[in-house]
Amino acid sequence: MDRQIRPIYEALDTGSNKSAILACNKVLKKQPNNNLVKSLKALALVRSQKVEEALLLCDEVLAAKPVDDPTLTAMMHVLRGLGRHMDMVTMYEDAYKQQPGNEELGTQTFFANVRIGNWKAAQQIATKMHKQFQDDHYLYWSVMSALLQAHDPTTPEALRTVLLKLAHRLLSSSATPSFYNADRFHLHLTVLRELGLYDEAFEMVESETGRIVCSSNLACDELRREIWKLKGLTKEAGEHAEKRIMDAKDRNWLEFLAVLDGTFADLTSEPADVEAAKAAVSERIPKTREFLGKVVEEDGVKDRSGHLALLELEKRSRHHGLATDPSALICLLESYFQSFGGKPCCFEDLKPYIELEGDDLARWTAVLEKQTTAFTSVPDIWRYINAQKLLRYNLPSSSLTPEAESQRAVQYLNAYLQGLKLGKDLPSYDLQPADDLAILSAQAFVNAWELSKDETFLHNSAALLEYAVARSKTSFQIRLHLVRIYRLLGAPSLALEHYRSINVKQVQNDTLSHFILSRASTFSLSSIGDLTYTTECLESSRIYLSNSEETAEFIVRAFGGEKYSQIPDFIVFEDRLDNSLQRDLVKMEHVRMRIAHEPINSELVDMELIELKFIFDRVHHDNRDFDILANYQPRGVATFNQQTEFLEKTPGLGWLWVFLKIYIKAFQLASDLDDTVEDKLLIGDRPKPSYDPETKIPLNERLAMKKQEEINELTPDEALFYDYASALSQWLTPYHDYTRPPPSAVLAEAAKITEQKTGHTLRGVEIPPDAATNGHAKKDEDPPAVVDPPATISNYFDDMSRRFKELLEGKGLPHELLHVVTLTQEAFLLFVIETTRFKAPSVIKVNKFGALAQHIKEIRAKASGVLSEISSALVNYAEREATTERRKEVVEACKPIIHESGLDHDFVLNVAKKITDARKQIADGVGKGMVRVTKTHA
């Protein structure tokens, strides 16, 4: 048998699924009931996307209730590929029931429940295994499962305490103490903390063995600090931290924070007598200052912790009104700058302490202005860069004019070009030490643009950053700045080029993809068959698939290796990725691009409807990283991130909700699926039900809700589009509801298609013999009366045409122009989706909808006319963008930054050519795509 099976495994391992299927068929001819071969064939079929055939084999094997390990392992992969995790649990449970003495089967059953987060069943299995096999690690599995069940949002409040007490009782009954293993010790402490048994937890961490464990394990040490705080021992924790800093030379910043928290403990614990508390704290401040002074004296410039702690002490003293020396903060800032001004971290370190006014600001400014551009070493460059960042942070609003900002930008640029000399011998993969001066210059130009709305400042910014990135090819910071600026300039191909050069990996696809994919449908050319942005959406979404496949395995491994302190983090990580806001924002953009490229048919409509409804039931987590974008703008103005926001609004949960409502309603009208049909046709498990009470409201009621906080996240043009979409669906709903075939007819059609594909009937579905399959069965009630379309629908395309002309004549930025154009096209496509059902003359005739067909024809003609008109104007606009005169304008605008060395006229001309060509490409593509869309759906 091994000789026959080996070729199948080899074919699967090498990805030769076709060969694996043929090898399986060969064996199954002789042994038709071989469950292992059936499961291997099902696996090959799943990997070949032949889902219907795989389902049949899968059900046959599950019905046989296998117990042998090879079959179970193969079926585990099959079921995971089909998303049928509940069936996987049932399979292992059935096998374990048949062989209750099989420890390996018990372990796999436990792991199957862990993978789907079924902590109740996992806890019961672990308890049973501990009783049966008397191994301590099963007891801790049971405790961990009880703890996780208590933290599950679906667990009732009253049951949580019961579960925690159960976990505590199990720990107390353990034959071996928890301190033999650091992670078991961590789990024990966690249970005590959750139950509020702080005294018991304190005794554990302060015992001799507890101290040894905490000193060697960071997770346990972190928990120790928390327990001290919860017991109200903030002062004692401060004294303990002082000893560690002095005796053990521990320079962990958390120890310094503990010292500072202990110093101000009387004031932060909401005292009854505030004056007495202030007096007590006033006595402790000099002692703490003296202690930190000794640390600074001992460390010198080897470590920054003591210096920063002194600054934090002074800041807190000022906050509580206990500062005695008005000049102390400035003296400390000067001292810190002298010691660490030559380090890249200096600006970020000092930023929390430099919101100064009056004499303090004047003195601080005088210190910083002493720094010159006479660079002889890398620390000299950093000292100058940090001085410029710190000076810029406190610039008064009176000195922030476009002209002044432009002068500063040129000053930073000159210093940057001078600083490049020090990095001329660095390898190509290293960053230039002067890079931050180029970023400062670019941000000054962007602030000048923000103040004046003069596009030429953005051209200057783009040109100098292109020069900088050519010298620091691996600088993600410069490339992210360019991504933002090119999107504002309407050059999406250049933005995408820089984003891809960052080489984003793994979870960064979730945290950083918003830089390029936020409202990406504005720049999509899917209507003319260019799937660049569509592909980027799919590429960035791979992390979510690997998360659903791999993170559960990490949790299983953590249980296997008894790494209990890591398990909650893995679960949070999995949940935050599974329910990522960015994941669904990208999905929404992909849908908007897809409808412009693919034929609008029932397959697209049904698939997207099911997926969007799942998304609508999720509780979302926003994992997007905006702070990664450096901000060196003055504190009195918007951050660089806010200044370069696409259309001045970042899509969030409200934006997603609005577009989900628009498209779910549209696909609902176009689809023949209802909930009963959907349940029967769905492959795999439904997502876990959300614990948000709003999801309990009927779907149609939720779709009809209009919330102002959601509308606030839309641009004015998107708000108009929302009104149009709502009016359109409201107008057409009665006619769709009347025309839609009954569920039995839909199921009959699905069964017919399945039988044609696989030769087998649809599983679990009984079709009534009288079910009509063409959807034209005679109705008992009269058709709804046809009413005129609301003015919102008929006027929308005229309004958008006017808006387009305003932006074209008012010289709006290209991205604003494209936003209006793509929304107008999207409105037309939405109309097509919702009226496809009424395209067939037979449907109109049977349902007596002649008047409706006439209204649809009129609106379609008007929309097509507007789109054709806009398309023509946009193509002309594109032609003007790529002319020599336009390039000359860009080069002329960049005169302030043109230098003899490197950043010369030819370099700027090349950048100008790239920008104008990219703008022509997108405007021309979108314009021609509109013509194609109108012809396709004429």
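Residues numbered from 1 in each chain as written. Predicted model: local features only at pLDDT ≥ 70, side-chain atom pairs only at ≥ 80, totals over all residues. Heavy atoms only, no water.

**Focus: the overall build of the protein chain**
Of the regular secondary structure elements, the protein chain holds 48 helices and zero strands. On the principal axes, the C-alpha backbone points of the protein chain span a range of 95 × 85 × 60 Å. When contacts within the protein chain are restricted to residue pairs at least 6 apart in sequence, those whose partners lie at least 24 apart make up 74%. (Helix = DSSP H or I, 4+ residues; strand = E, 2+ residues; numbered from the N terminus. Contact = heavy atoms within 4.5 Å.)

**A look at the pattern of salt bridges**
A full pass over the atoms with the stated rule returns 66 salt bridges. Across the pair Lys587 and Glu611 runs a salt bridge whose closest N-O atoms are separated by 3.6 Å. Taken together, the residues Lys587 in helix 34 (residues 581–597) and Glu611 in helix 35 (residues 602–616) connect sequence positions 24 residues apart. Via salt bridges that share partners, Asp221, Arg224, Arg225, Arg244, Asp250 and Glu255 belong to a single interconnected network. (Salt bridge = Lys/Arg side-chain N within 4 Å of Asp/Glu carboxyl O.)

**Structural notes on the packing of aromatic side chains**
Overall, the coordinates contain 32 aromatic pairs when judged by the stated rule. Ring geometry for Phe111 and Trp141: centres 5.4 Å apart, planes at 50°, overall tilted. One end of the pair, Phe111, is in helix 7 (residues 103–115); the other, Trp141, is in helix 9 (residues 136–151), with 30 residues separating them in the sequence. Owing to a relative accessible area of 10%, Phe111 belongs among the buried residues under this scheme. Look at Trp141 and you get buried, because its relative accessible area is 2%. Where Phe659 meets Phe721, the ring centres are 6.0 Å apart and the plane angle is 25°; that geometry is what we call stacked. Here Phe659 is found in helix 37 (residues 653–670), whereas its partner Phe721 is found in helix 41 (residues 716–739), with 62 residues between them in sequence. As far as burial versus exposure is concerned, Phe659 and Phe721 are alike and both buried. Pairwise contacts between aromatic rings join Phe110, Phe111, Trp119, Phe133, Tyr138, Trp141 and Phe559 into one cluster. In this structure, Arg471 is placed above the aromatic ring of Tyr467, and the distance from its NZ or CZ to the ring centre is 3.7 Å. (Phe/Tyr/Trp six-rings, centres within 6.5 Å; stacked < 30°, edge-to-face > 60°. Buried < 20%, exposed > 50% of the residue type's maximum accessible area, 1.4 Å probe, protein only. Lys NZ or Arg CZ within 6 Å of the ring centre and 35° of its normal.)

**As for the nonpolar core**
Leu333, Trp364, Tyr416, Tyr486, Tyr663 and Phe667 are the most contacted members of the largest nonpolar core, which has 170 residues in total. Setting aside residues up to four positions removed in sequence, Tyr486 forms contacts with Ala462, Glu466, Ala491, Pro492, Leu494, Ala495, His498, Val911 and Ile915. Judged by nonpolar contacts, the second largest core, of 71 residues, contains Leu12, Ile21, Val27 and Leu82. (Core = buried A, V, L, I, M, F, W, Y, C linked by side-chain atoms within 4.5 Å.)

**A word on a negative patch on the surface**
A cluster of acidic residues, Asp68, Asp69, Glu103 and Glu104, forms a negative patch at the surface. Positionally, Glu103 belongs in helix 7. (Patch = residues over 30% accessible without salt bridge, like charges linked within 9 Å, V, L, I, M, F, W, Y side chains within 5 Å. Areas by Shrake-Rupley, 256 points an atom, 1.4 Å probe, with all protein chains shown as cover. Lys, Arg positive; Asp, Glu negative; His and termini not counted. Charge placed at Lys NZ, Arg CZ, Asp CG, Glu CD.)

**Section: helix 27 (residues 476–488)**
With 13 residues, helix 27 should cover 18 Å at 1.5 Å per step; its first-to-last C-alpha distance of 19 Å lies within 8% of that length. Counting buried residues in helix 27 gives twelve out of 13 residues, a clear majority hidden from the surface. Listing the buried residues of helix 27 in full gives Gln477, Ile478, Arg479, Leu480, His481, Leu482, Val483, Arg484, Ile485, Tyr486, Arg487 and Leu488. At the exit of helix 27 stands Gly490, carrying a positive phi of roughly 70°. (Expected span 1.5 Å × (residues − 1).)

**What about the side chain of Asp924?**
Examined against the element boundaries, Asp924 turns out to sit in helix 48 (residues 905–936). The residues touching Asp924, leaving out its near neighbours within four places in the chain, are Val875, Ala878 and Glu879.

**Points about the environment of Val191**
Relative to the elements of secondary structure, Val191 occurs in helix 11 (residues 182–195). Among residues more than four places away in sequence, those in contact with Val191 are Val143, Leu147, Leu164, Ala167, His168 and Leu171.

**Some points on unusual backbone geometry**
Here the phi dihedral of Lys65 falls at roughly 50°; this positive angle occurs in a residue that is not glycine. On the basis of relative accessibility, which here comes to 45%, the residue Lys65 falls in the partly exposed class. Backbone geometry at Lys848 places phi at a positive 55°, although glycine is not the residue there. Position of Lys848 among the secondary structure elements: in the loop between helix 45 (841–847) and helix 46 (850–881).

**Quick look at the environment of Asn631**
With respect to the element layout, Asn631 can be found in the loop between helix 35 and helix 36 (640–643). Taking C-alpha positions, Asn631 is 9.9 Å from Gln642, a pair spaced eleven residues apart along the chain. Residues in contact with Asn631, not counting those within four places in the same chain, are Phe347, Lys351, Gln443, Thr639 and Phe640. Side-chain polar atoms of Asn631 contact the backbone nitrogen of Gln633, separated by 3.4 Å. (Polar contact = N/O pair within 3.5 Å; in protein donor to acceptor, adjacent residues only side chain to side chain.)

**Things to note about the packing of helix 25 (residues 435–452) against helix 27**
Running from N to C, helix 25 and helix 27 point in directions that differ by 20°, and their axes come no closer than 10 Å. By the angle between their axes, helix 25 is roughly parallel relative to helix 27. In this structure, the crossing between helix 25 and helix 27 has a hand that is left-handed. In this structure, helix 25 uses Asp435, Ile439, Gln443, Val446 and Trp449 to contact helix 27, whose residues at the interface are Gln477, Ile478, His481, Ile485 and Leu488. Class assignment of the residues belonging to the contact of helix 25 with helix 27 gives a composition of six nonpolar, three polar and one charged. (Axes fitted to C-alpha atoms, helices over the stretch in contact; angles between N-to-C directions. Parallel < 35°, antiparallel > 145°, perpendicular 65-115°, else oblique. Left-handed = near helix turned anticlockwise from the far one by under 90°. Nonpolar A, V, L, I, M, F, W, Y, C, P; charged D, E, K, R; others polar.)

**A closer look at the side chain of Arg115**
Along the chain, Arg115 turns up in helix 7. Setting aside anything within four residues of it in sequence, one finds Arg115 in contact with Met76, Arg80, Met88, Gln108, Ala552, Glu553 and Val556.

**A word on helix 13 (residues 208–216)**
Inspection of helix 13 places Gly210, Val213 and Cys214 among the buried residues, and these make up the whole buried set. Seen along its axis, helix 13 keeps its buried residues to an arc of 95°; they face one direction. Turned more than 90 degrees from where helix 13 packs its buried face, Glu208, Arg211, Ile212, Ser215 and Ser216 sit exposed. Turning to helix 13, the residues buried within the fold contact helix 11, helix 12 (198–206) and helix 14 (218–230). (Arc of directions from axis to C-beta.)

**Details of the packing of helix 43 (residues 791–809) against helix 44 (residues 814–835)**
Axis separation between helix 43 and helix 44 bottoms out at 9 Å; the angle between their running directions is 165°. One finds that helix 43 runs roughly antiparallel with respect to helix 44. In this structure, helix 43 crosses over helix 44, and the sense of that crossing is left-handed. Touching Tyr796, Phe797, Met800, Arg803, Phe804, Leu807 and Leu808 of helix 43 are Glu816, Leu817, Val820, Val821, Leu823, Thr824, Ala827 and Phe828, all from helix 44. Of the residues contributing to the contact of helix 43 with helix 44, the split by class is twelve nonpolar, one polar and two charged.

Such coordinate-based values are descriptive only and should not be taken to indicate function.
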